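Results of the structural survey
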Amino acid sequence: MSHATWGPKPALLLKSRLLSLFATTAEDQQEQPQDSAQRSAFDPLAMFCENDLMIELTSTCNLRCVYCPKSQPGDKLLPGRDQDMPELIRQRALAHCRWLADQGIELKLILSGTGETTSLKGWMDRVQPFLELPGVISIVSNFARRFSEAELATLSRFTTIMISLDTVDRGVLKDLRRKMELEIFTLNVVRLRSVSLAAGTRSPYLHLNCTATSRVAQKFYDLACYAATLDLSLGVSSLYELSPIPGLPVACVTDLPEAEFLDFCRQLEKAHGLFKHKNLAFDVQPDLLDRLVKRLSRIGDEQTNWDSGSQRRWTRLCTQPWQRCTVGADGLVFPCCVTMRQEGIGSLKDQSLTEILSGEKAREFRRGLLSGELSKSCVGCSMARPGEVTELRSIIEGLWQESGLDQQHVGVLG
Ligand code: SF4
Ligand code: SF4
């Protein structure tokens, strides 16, 4: 693809097209508020859902992707970072889930964290009781190992499986994810679908995630075609940026030379058309989209007021600490799926999940987002786009109204 004729105007046009294709606005996320006269007053610092949990059954992984903190020599030595969840913690998390299920509350579980659940010895037995609960039960997997029939049968019971693959270029794949082979990945997807077909059950919803780096940008559309061929929805995310890795052999796509960057944006646009045609979901992580758009604005020489000296107070438009949490492999609870160890809000070893989620540390974390005094994790996080604190508050209030829950009652769950 030639870029000889590219100039400021095409970059801005491309920017507005990407925005219209991928951006979701605060209004999209909000339903019409319901009458809350019978409910307790809105408490912006309180959790209002306890049914959306990430449970890290193990933080070990069979891969060592170059951009993952797991590739760092010291990572293994960090507390909680290379271990299986103790049985006591798993039982407590399970008890909380069962209690919610008994109340008729539908669960949204992800039985993964920063680790590969299927590398856990006896993983099928560990996930089994969660699979019996009502709700959306998901898992994240790298699909790098050839699964047995029994493993495929277990995987076929999940509602959603998020699988990660960054490129279909075998050489680059080896460079980035080392032991990963495209053939094994493909075989696992096809066999999983055939197991469901043979059993007469619905195949799990399979969502492929691509970590978009400088190494995979050039052949991004090839990956999109591969995903569409296998009927996989596709998400594009950014590098894990919380702890920049010294000597990292890849960069974020937003740091590519201009011609390559524009080429990547064009491929995104083209892939969007393909996925629309195939009726498959395709999304770009909000913060990544924001950065793509900002770079396109700069190339187009457009003035933006983000980061300017205005009086607005900026934050991340993130609702996770109000709606979900992660139980780490050692029982430490985090207010979202990204935060670092030092931002843990309590341990299941000492408290119930409800106590932790309504505790002062959790409230303090939410207060930080609502005031724009962001934690280190939030500052470097790619999961949510930036926005004003007033916008975040109104999103949170809208979600609370939508949930129909009384926060004071949520506080006694579990
Ligand atoms: S598969 Fe995931 S957890 Fe494992 S090394 Fe790669 S990025 Fe890290
Ligand atoms: S680290 Fe990211 S996902 Fe976690 S609360 Fe902050 S913005 Fe949200």
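These remarks concern the structure in this document. In every chain, residue numbers begin from 1 and rise along the written sequence. Numbering of ligands from 1 and lettering of chains from A proceed in the order in which they are written. Side-chain atom pairs in this predicted model are given and counted only at pLDDT of 80 or more, local residue features only at pLDDT of at least 70, and totals for whole chains, interfaces and linings cover all residues.

Attention shifts here to the environment of Gly135. What counts as a helix is a DSSP run of H or I of at least four residues, what counts as a strand is a run of E of at least two, and both are numbered from the N terminus. Along the chain, the position of Gly135 falls in strand β3 (residues 135-141). Along the backbone, Gly135 and Glu106 are 29 residues apart, and their C-alpha atoms lie at a distance of 4.8 Å. Residues are defined as contacting one another if the C-beta atoms placed from their backbone atoms lie within 7 Å. Once residues lying within four places of it in the same chain are set aside, the contact partners of Gly135 are Glu106, Leu107, Lys108 and Leu109.

Quick look at the pairing of strand β2 (residues 107-110) now. One requirement defines pairing of two strands: DSSP has to find at least two bridges between them. Sheet analysis places strand β1 (residues 52-55) next to β2, joined by three bridges and oriented parallel. Within β2, the residue paired with Asp52 across the bridge is Lys108. Seen with the strands pointing away from the viewer, any crossover whose path from the first strand over the helix to the second strand runs clockwise is right-handed. Crossover connection from β1 via helix α3 (residues 87-102) to parallel β2: handedness right-handed.

Defining nearness, a residue is near a molecule or strand when the C-beta atom obtained from its backbone falls within 6 Å of it. Taken together, 13 residues form the shell around ligand 2, and within it Arg316, Cys318, Cys336, Cys378 and Cys381 come nearest. Listing elements by their share of the shell around ligand 2, those giving two or more residues are α11 (320-323) and α14 (376-379). In this classification, the charged set is Asp, Glu, Lys and Arg, the nonpolar set is Ala, Val, Leu, Ile, Met, Phe, Trp, Tyr, Cys and Pro, and all remaining amino acids, among them Gly, are polar. Among the residues forming the shell around ligand 2, the class breakdown is nine nonpolar, three polar and one charged.

Here we take up unusual backbone geometry. The phi torsion of most residues other than glycine is negative, and most of the peptide bonds are trans. Of note, the phi angle at Arg178 is positive, near 55°, even though the residue is not glycine. Secondary-structure assignment places Arg178 in the loop between α6 (170-177) and α7 (182-199). Within the chain, Asn279 stands out as a residue other than glycine whose phi angle is a positive 60°. Mapped onto the fold, Asn279 is located in the loop between α9 (258-277) and β7 (282-284). The exposure label follows from counting other C-beta atoms within 10 Å of a residue's C-beta, where the C-beta atoms are placed from the backbone and the thresholds are 20 or more for buried and 12 or fewer for exposed, leaving partly exposed in between. Classification of Asn279 by C-beta neighbours within 10 Å gives exposed; the count is 8.

Turning our attention to the site of ligand 1. Neighbouring residues of ligand 1: Cys61, Leu63, Arg64, Cys65, Cys68, Lys70, Thr114, Gly115, Glu116 and Asn142. Here the shell around ligand 1 is built from residues that sort into four nonpolar, three polar and three charged.

The next subject is the packing of helix α13 (residues 360-371) against helix α15 (residues 389-403). Axes here mean lines fitted to C-alpha atoms, for a helix over just the part in contact, with angles spanning 0 to 180 degrees between N-to-C directions. Two numbers describe how α13 lies on α15: the axes approach to 7 Å, and their chain directions differ by 130°. Judged by the inter-axis angle, α13 sits oblique to α15. Between α13, through Leu369, Leu370 and Ser371, and α15, the contact on the second element is made entirely by Val389, Leu392 and Arg393. For the contact of α13 with α15, the residue count by class is four nonpolar, one polar and one charged. For this classification, under 35 degrees means roughly parallel, over 145 means roughly antiparallel, 65 to 115 means roughly perpendicular, and everything else is oblique.

This next bit is on the sheet that holds β7. Two orientations exist for strands paired in a sheet by backbone hydrogen bonds: parallel and antiparallel. Ordered in space as β7-β6-β5-β4-β3-β2-β1-β9-β10-β11, the 10 strands form an open sheet in which the pairing is mixed. Lying at the two open borders of the sheet, with one neighbouring strand each, are β7 and β11 (346-347). In this structure, strand β9 (residues 325-327) lies alongside strand β10 (residues 332-334), joined through two bridges in antiparallel fashion. Each residue of the ladder has a partner; that of Val327, found in β10, is Val333. Lying on the sheet, α3 is in contact with β1, β2 and β9; it crosses β2 at an angle near 155°.

For any two helices packed against each other, the geometry is given by the interaxial angle and the distance between the axes. It is at 9 Å that the axes of helix α8 (residues 220-229) and α9 come closest, and there the two elements cross at 15°. In terms of their interaxial angle, α8 and α9 are classed as roughly parallel. Like other packed secondary-structure pairs, α8 and α9 cross with a definite hand, here right-handed. Residue-level contacts link Phe220, Tyr221, Ala224, Cys225 and Ala228 of α8 to Phe264, Gln267, Lys270, Ala271, Leu274 and Phe275 of α9. Taken together, the residues of the contact of α8 with α9 sort by class into nine nonpolar, one polar and one charged. Left-handed describes a crossing whose near helix is turned anticlockwise from the far helix through less than a right angle; right-handed describes the clockwise counterpart.

Bringing the nonpolar core into the picture now. Core membership is restricted to buried Ala, Val, Leu, Ile, Met, Phe, Trp, Tyr and Cys residues, and these are joined into a nonpolar core through C-beta atoms within 7 Å. With 90 residues, the main nonpolar core has Leu18, Ile55, Leu109, Leu111, Phe264, Cys265 and Val333 as its most contacted residues. With near-sequence residues (within four places) excluded, Leu18 lies in contact with Cys265, Leu268, Glu269, Leu289, Leu292 and Val293. Grouped together as the second largest cluster of nonpolar side chains are five residues, Cys65, Leu176, Leu239 and Val250 included.

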